Amino acid sequence: MSLDDHAATPMSDSAKGSLKAETTRLADLIYTHSSHDGTYAARIPGLYVNRYSRIEATDYVHTIYSPAVGIAAQGKKIITVGKNVYEYAGSRIFIAPVALPVAMKTILASPTEPFLGVGLYLDPQRIAALVPKVYPQGLPTIRNRRAGYVMDADLALINAMARLVDCLSSPGDDHLIAPLITDEIFIRLLRSPIGVYVAETVFAESNVQRVVKAIDWLQNNFSQPFKIADLAEMVHLSESSFREHFKSVTAMSPLQYRNVLRLQEARRLMLSNQMDATTACRIVGYASDSQFSREYSRFFGSPPNRDIARWRQERQHLN
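Sequence order as written defines residue numbering, which begins from 1 separately in each chain. The model is predicted, so local features are restricted to residues of pLDDT at least 70 and side-chain atom pairs to those at 80 or more, both for listing and for counting; the totals for chains, interfaces and linings are taken over all residues. Note that the side-chain values use all heavy atoms of the structure and ignore hydrogens as well as water.

The name given to the chain in an unreviewed UniProt entry is AraC family transcriptional regulator, with Sporolactobacillus inulinus CASD as the source organism.

Listed below in C-alpha coordinates is the structure:
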(Lines give C-alpha, C1' and ligand atoms only; values in the text may rest on other atoms or scores of the structure.)
Protein backbone atom coordinates (compact mmCIF):
# COMPACT_ATOMS: atom_id res chain seq x y z
CA MET A 1 0.00 0.00 0.00
CA SER A 2 1.30 3.41 -0.96
CA LEU A 3 0.39 6.35 1.22
CA ASP A 4 1.14 9.87 0.07
CA ASP A 5 1.96 12.00 3.10
CA HIS A 6 2.67 15.71 3.41
CA ALA A 7 3.18 15.95 7.16
CA ALA A 8 3.10 19.24 8.99
CA THR A 9 5.93 20.56 11.16
CA PRO A 10 6.00 18.73 14.54
CA MET A 11 3.66 20.44 17.02
CA SER A 12 3.91 21.10 20.72
CA ASP A 13 1.49 19.37 23.09
CA SER A 14 -0.40 22.64 23.46
CA ALA A 15 -0.77 23.01 19.69
CA LYS A 16 -1.89 19.39 19.39
CA GLY A 17 -4.53 20.03 22.06
CA SER A 18 -5.81 23.12 20.25
CA LEU A 19 -5.97 21.24 16.93
CA LYS A 20 -7.84 18.33 18.54
CA ALA A 21 -10.35 20.69 20.18
CA GLU A 22 -10.98 22.56 16.91
CA THR A 23 -11.35 19.29 14.99
CA THR A 24 -13.88 18.12 17.57
CA ARG A 25 -15.78 21.38 17.12
CA LEU A 26 -15.77 20.85 13.36
CA ALA A 27 -17.08 17.29 13.83
CA ASP A 28 -19.90 18.58 16.06
CA LEU A 29 -20.88 21.16 13.44
CA ILE A 30 -20.89 18.53 10.68
CA TYR A 31 -23.06 16.27 12.82
CA THR A 32 -25.47 19.13 13.53
CA HIS A 33 -25.89 19.84 9.83
CA SER A 34 -26.15 16.22 8.64
CA SER A 35 -29.46 14.68 9.64
CA HIS A 36 -28.73 11.23 8.20
CA ASP A 37 -26.08 9.08 6.57
CA GLY A 38 -24.90 10.14 3.14
CA THR A 39 -23.05 12.86 1.28
CA TYR A 40 -25.04 15.90 0.30
CA ALA A 41 -24.56 19.51 -0.64
CA ALA A 42 -24.99 22.31 1.85
CA ARG A 43 -26.67 25.56 0.79
CA ILE A 44 -23.27 27.29 0.69
CA PRO A 45 -21.96 26.96 -2.90
CA GLY A 46 -19.28 24.28 -3.17
CA LEU A 47 -19.65 23.00 0.39
CA TYR A 48 -20.71 19.43 1.17
CA VAL A 49 -20.82 17.31 4.29
CA ASN A 50 -20.87 13.57 4.79
CA ARG A 51 -21.83 11.27 7.60
CA TYR A 52 -21.59 7.47 7.67
CA SER A 53 -22.41 5.41 10.75
CA ARG A 54 -21.19 2.02 9.58
CA ILE A 55 -18.13 0.46 8.02
CA GLU A 56 -18.57 -0.28 4.33
CA ALA A 57 -19.30 -3.81 3.19
CA THR A 58 -16.50 -5.75 1.54
CA ASP A 59 -16.68 -3.68 -1.66
CA TYR A 60 -15.49 -0.14 -2.31
CA VAL A 61 -17.71 2.70 -3.46
CA HIS A 62 -16.56 3.75 -6.94
CA THR A 63 -17.18 7.34 -7.94
CA ILE A 64 -15.72 10.44 -9.59
CA TYR A 65 -14.05 12.67 -7.01
CA SER A 66 -14.44 16.21 -8.30
CA PRO A 67 -11.59 18.67 -7.63
CA ALA A 68 -11.97 19.39 -3.92
CA VAL A 69 -10.35 19.69 -0.53
CA GLY A 70 -11.81 17.35 2.07
CA ILE A 71 -11.29 17.00 5.82
CA ALA A 72 -12.08 13.92 7.90
CA ALA A 73 -13.06 15.35 11.28
CA GLN A 74 -14.01 11.97 12.76
CA GLY A 75 -13.62 8.37 11.59
CA LYS A 76 -11.49 7.03 8.77
CA LYS A 77 -11.70 6.34 5.04
CA ILE A 78 -9.28 5.02 2.50
CA ILE A 79 -9.28 6.40 -1.04
CA THR A 80 -7.69 4.54 -3.94
CA VAL A 81 -6.62 6.36 -7.10
CA GLY A 82 -5.02 4.05 -9.64
CA LYS A 83 -2.51 2.09 -7.57
CA ASN A 84 -2.14 4.80 -4.93
CA VAL A 85 -3.92 4.44 -1.59
CA TYR A 86 -4.58 7.42 0.67
CA GLU A 87 -5.62 7.29 4.32
CA TYR A 88 -8.11 9.97 5.24
CA ALA A 89 -8.63 10.43 8.98
CA GLY A 90 -7.81 12.34 12.15
CA SER A 91 -8.13 15.91 10.79
CA ARG A 92 -6.06 14.94 7.75
CA ILE A 93 -6.84 16.64 4.47
CA PHE A 94 -7.27 14.96 1.09
CA ILE A 95 -6.88 17.14 -1.99
CA ALA A 96 -7.74 16.14 -5.55
CA PRO A 97 -6.63 18.97 -7.88
CA VAL A 98 -8.39 17.36 -10.88
CA ALA A 99 -11.43 15.10 -11.34
CA LEU A 100 -10.42 11.53 -10.47
CA PRO A 101 -12.13 8.15 -10.67
CA VAL A 102 -11.65 6.78 -7.15
CA ALA A 103 -12.60 3.85 -4.97
CA MET A 104 -13.56 4.83 -1.41
CA LYS A 105 -14.21 2.80 1.70
CA THR A 106 -15.16 3.81 5.24
CA ILE A 107 -13.05 1.72 7.62
CA LEU A 108 -13.74 3.43 10.96
CA ALA A 109 -17.31 4.43 11.85
CA SER A 110 -20.14 3.43 14.16
CA PRO A 111 -23.63 4.68 15.09
CA THR A 112 -22.22 6.34 18.22
CA GLU A 113 -19.10 7.75 16.48
CA PRO A 114 -19.91 8.09 12.76
CA PHE A 115 -17.50 9.12 10.08
CA LEU A 116 -17.90 12.90 9.73
CA GLY A 117 -16.33 14.71 6.83
CA VAL A 118 -16.59 18.02 5.06
CA GLY A 119 -15.39 19.13 1.65
CA LEU A 120 -15.17 22.21 -0.50
CA TYR A 121 -15.07 21.97 -4.29
CA LEU A 122 -12.20 23.88 -5.84
CA ASP A 123 -13.56 26.84 -7.78
CA PRO A 124 -11.17 27.39 -10.71
CA GLN A 125 -12.24 30.99 -11.32
CA ARG A 126 -11.77 32.06 -7.72
CA ILE A 127 -8.51 30.17 -7.39
CA ALA A 128 -7.21 31.70 -10.64
CA ALA A 129 -7.87 35.16 -9.20
CA LEU A 130 -5.96 34.29 -6.00
CA VAL A 131 -2.93 32.57 -7.55
CA PRO A 132 -1.16 35.82 -8.63
CA LYS A 133 -1.51 37.15 -5.08
CA VAL A 134 -0.09 34.01 -3.48
CA TYR A 135 2.58 33.47 -6.16
CA PRO A 136 3.46 36.99 -7.36
CA GLN A 137 6.77 35.75 -8.81
CA GLY A 138 5.15 32.85 -10.65
CA LEU A 139 4.96 29.18 -9.72
CA PRO A 140 8.08 27.46 -8.41
CA THR A 141 9.47 24.37 -10.09
CA ILE A 142 7.09 21.47 -9.61
CA ARG A 143 8.34 17.96 -8.82
CA ASN A 144 6.84 14.68 -7.60
CA ARG A 145 3.38 15.39 -8.95
CA ARG A 146 0.66 12.94 -7.89
CA ALA A 147 -3.00 12.37 -8.61
CA GLY A 148 -4.08 13.10 -5.02
CA TYR A 149 -2.44 14.45 -1.89
CA VAL A 150 -2.85 13.90 1.82
CA MET A 151 -1.44 16.28 4.40
CA ASP A 152 -1.88 17.02 8.07
CA ALA A 153 -4.22 19.93 8.67
CA ASP A 154 -3.07 22.99 10.53
CA LEU A 155 -5.19 24.76 13.11
CA ALA A 156 -5.92 27.77 10.90
CA LEU A 157 -7.35 25.65 8.07
CA ILE A 158 -9.47 23.53 10.40
CA ASN A 159 -10.73 26.71 12.08
CA ALA A 160 -11.61 28.27 8.71
CA MET A 161 -13.55 25.16 7.65
CA ALA A 162 -15.38 25.11 10.99
CA ARG A 163 -16.34 28.76 10.55
CA LEU A 164 -17.58 28.02 7.04
CA VAL A 165 -19.81 25.16 8.26
CA ASP A 166 -20.98 27.35 11.15
CA CYS A 167 -22.29 29.87 8.59
CA LEU A 168 -25.11 27.36 8.03
CA SER A 169 -26.31 28.14 11.57
CA SER A 170 -26.87 31.87 11.05
CA PRO A 171 -29.33 33.29 8.50
CA GLY A 172 -27.48 35.60 6.12
CA ASP A 173 -24.00 34.34 6.91
CA ASP A 174 -24.20 31.81 4.09
CA HIS A 175 -24.54 34.70 1.61
CA LEU A 176 -22.43 37.42 3.23
CA ILE A 177 -19.69 35.74 5.27
CA ALA A 178 -19.27 32.34 3.60
CA PRO A 179 -17.71 33.70 0.35
CA LEU A 180 -15.02 35.47 2.39
CA ILE A 181 -14.20 32.32 4.36
CA THR A 182 -14.18 30.27 1.15
CA ASP A 183 -11.51 32.57 -0.27
CA GLU A 184 -9.57 32.27 3.00
CA ILE A 185 -9.61 28.47 2.71
CA PHE A 186 -8.39 28.64 -0.90
CA ILE A 187 -5.60 31.03 0.12
CA ARG A 188 -4.51 28.80 2.99
CA LEU A 189 -4.61 25.82 0.67
CA LEU A 190 -2.51 27.62 -1.96
CA ARG A 191 0.03 28.54 0.73
CA SER A 192 0.24 24.96 2.00
CA PRO A 193 2.87 22.36 0.97
CA ILE A 194 0.58 21.14 -1.83
CA GLY A 195 -0.63 24.59 -2.93
CA VAL A 196 1.48 24.70 -6.07
CA TYR A 197 -0.21 21.53 -7.37
CA VAL A 198 -3.59 23.22 -7.04
CA ALA A 199 -2.32 26.47 -8.55
CA GLU A 200 -0.97 24.81 -11.70
CA THR A 201 -4.43 23.49 -12.63
CA VAL A 202 -5.58 27.05 -13.33
CA PHE A 203 -2.29 28.47 -14.61
CA ALA A 204 -2.90 29.60 -18.19
CA GLU A 205 -1.61 27.11 -20.76
CA SER A 206 0.22 24.94 -18.24
CA ASN A 207 0.57 21.30 -19.20
CA VAL A 208 -1.64 20.35 -16.26
CA GLN A 209 -4.36 22.74 -17.40
CA ARG A 210 -4.16 21.07 -20.81
CA VAL A 211 -4.70 17.71 -19.12
CA VAL A 212 -7.68 19.20 -17.25
CA LYS A 213 -9.19 20.15 -20.61
CA ALA A 214 -8.66 16.59 -21.85
CA ILE A 215 -10.32 15.23 -18.70
CA ASP A 216 -13.32 17.48 -19.29
CA TRP A 217 -13.58 16.16 -22.85
CA LEU A 218 -13.38 12.54 -21.71
CA GLN A 219 -16.05 13.06 -19.06
CA ASN A 220 -18.43 14.39 -21.71
CA ASN A 221 -17.51 11.95 -24.50
CA PHE A 222 -16.42 8.71 -22.82
CA SER A 223 -18.87 6.64 -24.88
CA GLN A 224 -17.29 7.83 -28.13
CA PRO A 225 -14.22 6.26 -29.78
CA PHE A 226 -11.15 8.47 -29.90
CA LYS A 227 -7.45 8.38 -30.70
CA ILE A 228 -4.84 9.48 -28.17
CA ALA A 229 -3.08 11.46 -30.89
CA ASP A 230 -6.26 13.43 -31.67
CA LEU A 231 -6.89 14.24 -28.01
CA ALA A 232 -3.27 15.31 -27.57
CA GLU A 233 -3.52 17.58 -30.61
CA MET A 234 -6.75 19.08 -29.27
CA VAL A 235 -4.96 20.24 -26.09
CA HIS A 236 -1.77 21.26 -27.98
CA LEU A 237 0.61 18.62 -26.66
CA SER A 238 2.68 16.00 -28.44
CA GLU A 239 1.32 12.49 -27.99
CA SER A 240 4.25 11.36 -25.84
CA SER A 241 4.10 14.48 -23.65
CA PHE A 242 0.34 14.16 -23.32
CA ARG A 243 0.59 10.53 -22.17
CA GLU A 244 3.28 11.43 -19.65
CA HIS A 245 1.48 14.41 -18.15
CA PHE A 246 -1.91 12.69 -18.10
CA LYS A 247 -0.55 9.77 -16.10
CA SER A 248 1.32 12.03 -13.67
CA VAL A 249 -1.88 13.98 -12.99
CA THR A 250 -4.39 11.10 -12.80
CA ALA A 251 -2.28 7.99 -12.01
CA MET A 252 -3.67 6.28 -15.11
CA SER A 253 -3.47 6.43 -18.89
CA PRO A 254 -6.12 8.26 -20.96
CA LEU A 255 -7.60 4.92 -22.07
CA GLN A 256 -7.68 3.60 -18.52
CA TYR A 257 -9.38 6.82 -17.39
CA ARG A 258 -11.95 6.51 -20.19
CA ASN A 259 -12.61 2.84 -19.36
CA VAL A 260 -13.17 3.60 -15.67
CA LEU A 261 -15.70 6.28 -16.62
CA ARG A 262 -17.49 3.76 -18.85
CA LEU A 263 -17.55 1.03 -16.20
CA GLN A 264 -18.73 3.35 -13.42
CA GLU A 265 -21.54 4.70 -15.60
CA ALA A 266 -22.58 1.20 -16.68
CA ARG A 267 -22.80 0.12 -13.05
CA ARG A 268 -24.85 3.22 -12.21
CA LEU A 269 -27.27 2.51 -15.06
CA MET A 270 -27.77 -1.09 -13.94
CA LEU A 271 -28.22 -0.17 -10.28
CA SER A 272 -30.35 2.96 -10.63
CA ASN A 273 -32.24 2.35 -13.86
CA GLN A 274 -32.75 -1.41 -13.58
CA MET A 275 -30.94 -1.72 -16.93
CA ASP A 276 -29.63 -5.05 -18.20
CA ALA A 277 -25.91 -5.51 -18.79
CA THR A 278 -26.09 -5.65 -22.59
CA THR A 279 -28.01 -2.37 -22.87
CA ALA A 280 -25.74 -0.65 -20.34
CA CYS A 281 -22.55 -1.76 -22.08
CA ARG A 282 -23.81 -0.45 -25.43
CA ILE A 283 -24.83 2.92 -23.98
CA VAL A 284 -21.38 3.51 -22.44
CA GLY A 285 -19.59 2.61 -25.66
CA TYR A 286 -18.67 -1.08 -25.60
CA ALA A 287 -19.25 -3.00 -28.83
CA SER A 288 -18.48 -6.41 -27.31
CA ASP A 289 -20.43 -7.99 -24.43
CA SER A 290 -17.52 -10.30 -23.62
CA GLN A 291 -15.01 -7.43 -23.46
CA PHE A 292 -17.37 -5.47 -21.22
CA SER A 293 -17.89 -8.44 -18.89
CA ARG A 294 -14.16 -9.14 -18.77
CA GLU A 295 -13.19 -5.55 -17.95
CA TYR A 296 -16.09 -5.16 -15.52
CA SER A 297 -15.04 -8.33 -13.66
CA ARG A 298 -11.43 -7.18 -13.49
CA PHE A 299 -12.42 -3.75 -12.16
CA PHE A 300 -15.28 -4.57 -9.76
CA GLY A 301 -14.31 -8.14 -8.82
CA SER A 302 -17.24 -10.06 -10.31
CA PRO A 303 -19.29 -10.17 -13.56
CA PRO A 304 -22.00 -7.53 -14.05
CA ASN A 305 -25.08 -9.64 -13.26
CA ARG A 306 -23.55 -11.16 -10.13
CA ASP A 307 -22.20 -7.81 -8.92
CA ILE A 308 -25.54 -6.01 -9.36
CA ALA A 309 -27.48 -8.85 -7.69
CA ARG A 310 -25.17 -8.64 -4.68
CA TRP A 311 -25.55 -4.87 -4.39
CA ARG A 312 -29.34 -5.08 -4.58
CA GLN A 313 -29.37 -7.78 -1.94
CA GLU A 314 -27.23 -5.61 0.35
CA ARG A 315 -29.54 -2.64 -0.17
CA GLN A 316 -32.59 -4.75 0.73
CA HIS A 317 -30.81 -5.96 3.86
CA LEU A 318 -30.02 -2.37 4.91
CA ASN A 319 -33.63 -1.27 4.31
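## Comments concerning a nonpolar patch on the surface
Candidate patch residues must exceed 30% relative accessible area and have no salt bridge, after which like charges are joined if within 9 Å and Val, Leu, Ile, Met, Phe, Trp or Tyr side chains if within 5 Å. Here the accessible surface of atoms and residues is derived via Shrake-Rupley with a 1.4 Å probe, and residues count as covered only by protein chains that are part of the display. Note on definitions: salt bridges are taken to be side-chain nitrogens of Lys or Arg within 4 Å of carboxyl oxygens of Asp or Glu. The grouping of Leu176, Ile177 and Leu180 at the surface amounts to a nonpolar patch, some 320 Å² of accessible area in total. In this description a helix means any DSSP run of H or I spanning at least four residues, a strand means any run of E spanning at least two, and both kinds are numbered starting from the N terminus. As for its position among the elements, Ile177 is in the loop between α4 (173-176) and α5 (178-190).

## Considerations on the domain arrangement of the chain
Each assigned domain of the chain is listed here: domain 1 (13-200), domain 2 (204-252) and domain 3 (257-317). As annotated, the domain borders come from an automatic or database domain assignment. Relative to domain 3, the C-alpha centre of domain 1 lies at a distance of 30 Å. Of the residues lining the interface, eleven residues belong to domain 1; the matching set on domain 3 comes to eleven residues. Note on terms: buried area is the combined drop in 1.4 Å-probe accessible area of two parts once they are placed together, counting the loss on both. Taken together, the two surfaces of domain 1 and domain 3 that pack against each other cover about 740 Å², and 56% of this comes from carbon and sulfur. Among the residues domain 1 hides against domain 3, the three largest losses belong to Asp59, His62 and Pro101. Together they make up 62% of the total. Scanning the region where domain 1 abuts domain 3 turns up zero salt bridges. Identification of polar contacts relies on pairs of N or O atoms within 3.5 Å, with a donor-acceptor requirement for protein atoms, meaning one able to donate a hydrogen and the other able to accept it, and with residues adjacent in sequence counted only if both atoms are side-chain atoms. The interface formed by domain 1 and domain 3 holds two residue pairs in polar contact (both at pLDDT 80 or more) in total. Counting residues per element, the ones that place at least two in the side of domain 1 that touches domain 3 are β3 (61-65) and β8 (100-108). The residue classification treats Ala, Val, Leu, Ile, Met, Phe, Trp, Tyr, Cys and Pro as nonpolar and Asp, Glu, Lys and Arg as charged. All others, Gly included, are polar. Taken together, the residues of the side of domain 1 that touches domain 3 sort by class into seven nonpolar, three polar and one charged. Here, residues are in contact when the closest pair of their heavy atoms is within 4.5 Å.

## Details of the UniProt feature "domain: HTH araC/xylS-type" (unreviewed entry) in the chain
UniProt positions are given in the numbering used here, feature names are shortened, and annotations may be inferred rather than shown by experiment. In the numbering used here, UniProt assigns the feature "domain: HTH araC/xylS-type" (unreviewed entry) to residues 212-310. Measuring from the first to the last C-alpha atom of residues 212-310 gives 35 Å, for a span that is 75% helix and 0% strand.

## Re the nonpolar core
Nonpolar core, defined: a set of buried Ala, Val, Leu, Ile, Met, Phe, Trp, Tyr and Cys residues in which side-chain atoms within 4.5 Å join the residues together. The buried label applies to any residue whose accessible area, calculated with a 1.4 Å probe on protein chains only, is under 20% of its type's maximum; exposed applies above 50%, and partly exposed to all values in between. Counting 54 residues, the largest nonpolar core has Tyr65, Ile79, Phe94, Phe242, Phe246, Tyr257 and Phe292 as the members making the most contacts within it. Broken down by element, the residue count for this core peaks at eight residues, all from helix α10 (residues 254-272). Those residues within four positions of Phe246 in sequence are excluded, and the remaining contacts are Val211, Ala214, Ile215, Leu218, Ala251, Met252, Ser253, Pro254 and Tyr257. Leu47, Leu164, Leu168 and Ile181 belong to the second-largest nonpolar core, a separate cluster that totals 46 residues.

## Some thoughts on the side chain of Arg210
Structurally, the position occupied by Arg210 is in helix α7 (residues 207-221). There is a polar contact of 3.2 Å between the side chain of Arg210 and the backbone oxygen of Val235. Those residues within four positions of Arg210 in sequence are excluded, and the remaining contacts are Glu205, Val235, His236 and Leu237.

## Details of the pattern of salt bridges
Opposite charge on two side chains permits them to pair, given that their charged atoms come into close proximity. All chains considered together, the criterion is met by 13 salt bridges. Of the charged contacts in the structure, one is a salt bridge between Glu22 and Arg25, with a shortest N-O distance of 2.8 Å. Placement of both Glu22 and Arg25 in helix α1 (residues 13-32) is noted, with a separation of three residues, approximately one turn of the helix. Given the relative accessible area of 12%, Glu22 is considered buried. In this structure Arg25 comes out as partly exposed when scored by relative accessible area, which is 31%. A salt bridge links Glu87 to Lys76; its shortest N-O distance comes to 4.0 Å. With Glu87 in strand β6 (residues 84-89) and Lys76 in strand β5 (residues 76-81), this residue pair connects regions lying eleven residues apart in the sequence. Residues joined in a network through salt bridges with shared partners are Arg163, Glu184 and Arg188.

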